[in-house]
Amino acid sequence: MEGTNKKDVVLLDFWASSFGMRLRIALGLKRIPYEGKEENLFDKSPLLLEMNSVHKKIPVLIHNGKPICESLIILEYIDEVWHDEYPLLPSDPYGRSQARFWAHYIDNKIYSTGRRVWSGKGEDQEEAKKELIEIFKTLEGELGDKTYFGGEDNLGFVDVALVPFTSWFYAYETCANFSIEAECPKLVAWAKRCMHIESVSNSLPNPHKIYAYVLELKHKFGLA
């Protein structure tokens, strides 16, 4: 993107974070050069603590020295600032409201339920697994017969918000012994289509690497 220097845009991130992956995808779609800084979540950098002094969490986008926090807020910021290249939100107010609704649904449901799936045991894990499948079926219903949530041709706001979680599917399935594809074939087919887009495939880690990270977390927190 002309006029944007790599040093002007910095992303404080962590490789396995679905929330950070969103922003990597968006920056890639819009061809925005940026500097990525990998954070250690158990030993946070002074820069992260300064730039997100309230929550002290990644991701944080630093644009011209000013921090923007919370991934969906950052995603909208990226879309507004670099709106000419690959717009993510619809142009009409109703369309934007619906995209925001589903993005917030994703945020409110998947991370916490998914964590219970990979970290839980017994009845709680089974309950979480059922809840996660219902969440995915609800999203599958919203997708319908469209190629992407954003329409037929391009990824939209909801696609970018959701697709990072697909890199965790293998970990969910392996930890809880079930198949997302068997339950939600349309959603998995959508995920595979998204992976044909370069900015998505470049931004999402290998699912087996995510699973290895989950095993590390389970060991660290005594959940194994």
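Residues numbered from 1 in each chain as written. Predicted model: local features only at pLDDT ≥ 70, side-chain atom pairs only at ≥ 80, totals over all residues. Heavy atoms only, no water.

An unreviewed UniProt entry lists the protein chain under the name glutathione transferase, with Datura stramonium as the source organism. Among the UniProt annotations of the protein chain, the heading Sequence similarities (unreviewed entry) holds the following wording: "Belongs to the GST superfamily." Here is the UniProt Catalytic activity (unreviewed entry) comment for the protein chain, exactly as written: "RX + glutathione = an S-substituted glutathione + a halide anion + H(+)". (UniProt positions renumbered as here; feature names shortened; annotations may be inferred.)

Enquirer: Looking at this structure, how should I read the sheet that holds strand β3 (residues 60–63)?
Expert: Sheet strands pair via backbone hydrogen bonds, and the direction of the pair is either parallel or antiparallel. Ordered in space as β2-β1-β3-β4, the four strands form an open sheet in which the pairing is mixed. Pairing within the sheet leaves two strands with one partner each, and these edge strands are β2 (35–38) and β4 (66–69). Across the sheet, the axes of successive neighbouring strands diverge by a mean angle of 20°, strand direction being ignored. One ladder, built from four bridges, connects β3 with β4; its direction is antiparallel. Its bridge partner being in β4, L61 is matched across the sheet by I68. Each of β1 (9–13) and β3 touches helix α1 (residues 18–29); the most contacted strand, β1, lies at about 155° to it. (Pairing = 2+ DSSP bridges. Helix = DSSP H or I, 4+ residues; strand = E, 2+ residues; numbered from the N terminus. Axes fitted to C-alpha atoms, helices over the stretch in contact; angles between N-to-C directions. Contact = heavy atoms within 4.5 Å.)

Enquirer: What is the right way to look at the UniProt feature "domain: GST N-terminal" (unreviewed entry) in the protein chain in this model?
Expert: Taking the UniProt record as the reference, the feature "domain: GST N-terminal" (unreviewed entry) is found at residues 7–86. Taken end to end, residues 7–86 has its terminal C-alpha atoms 22 Å apart, with 36% of it in helix and 21% in strand.

Enquirer: Looking at this structure, how should I read the pattern of salt bridges?
Expert: Pairs can form between side chains of opposite charge once their charged atoms are near each other. Overall, the coordinates contain 12 salt bridges when judged by the stated rule. Across the salt bridge formed by D124 and R116, the nearest N and O atoms sit 3.2 Å from each other. Among the residues examined, D124 registers a relative accessible area of 38% and is labelled partly exposed. Here K129 ties to E126 by a salt bridge, and the two come within 3.1 Å at their closest N and O atoms. Remark: E126 and K129 occur in helix α5 (residues 122–143); sequence separation between them is three residues, near one turn of the helix. Judged by its relative accessible area of 11%, K129 is buried. Residues joined in a network through salt bridges with shared partners are R116, D124 and E131. (Salt bridge = Lys/Arg side-chain N within 4 Å of Asp/Glu carboxyl O. Buried < 20%, exposed > 50% of the residue type's maximum accessible area, 1.4 Å probe, protein only.)

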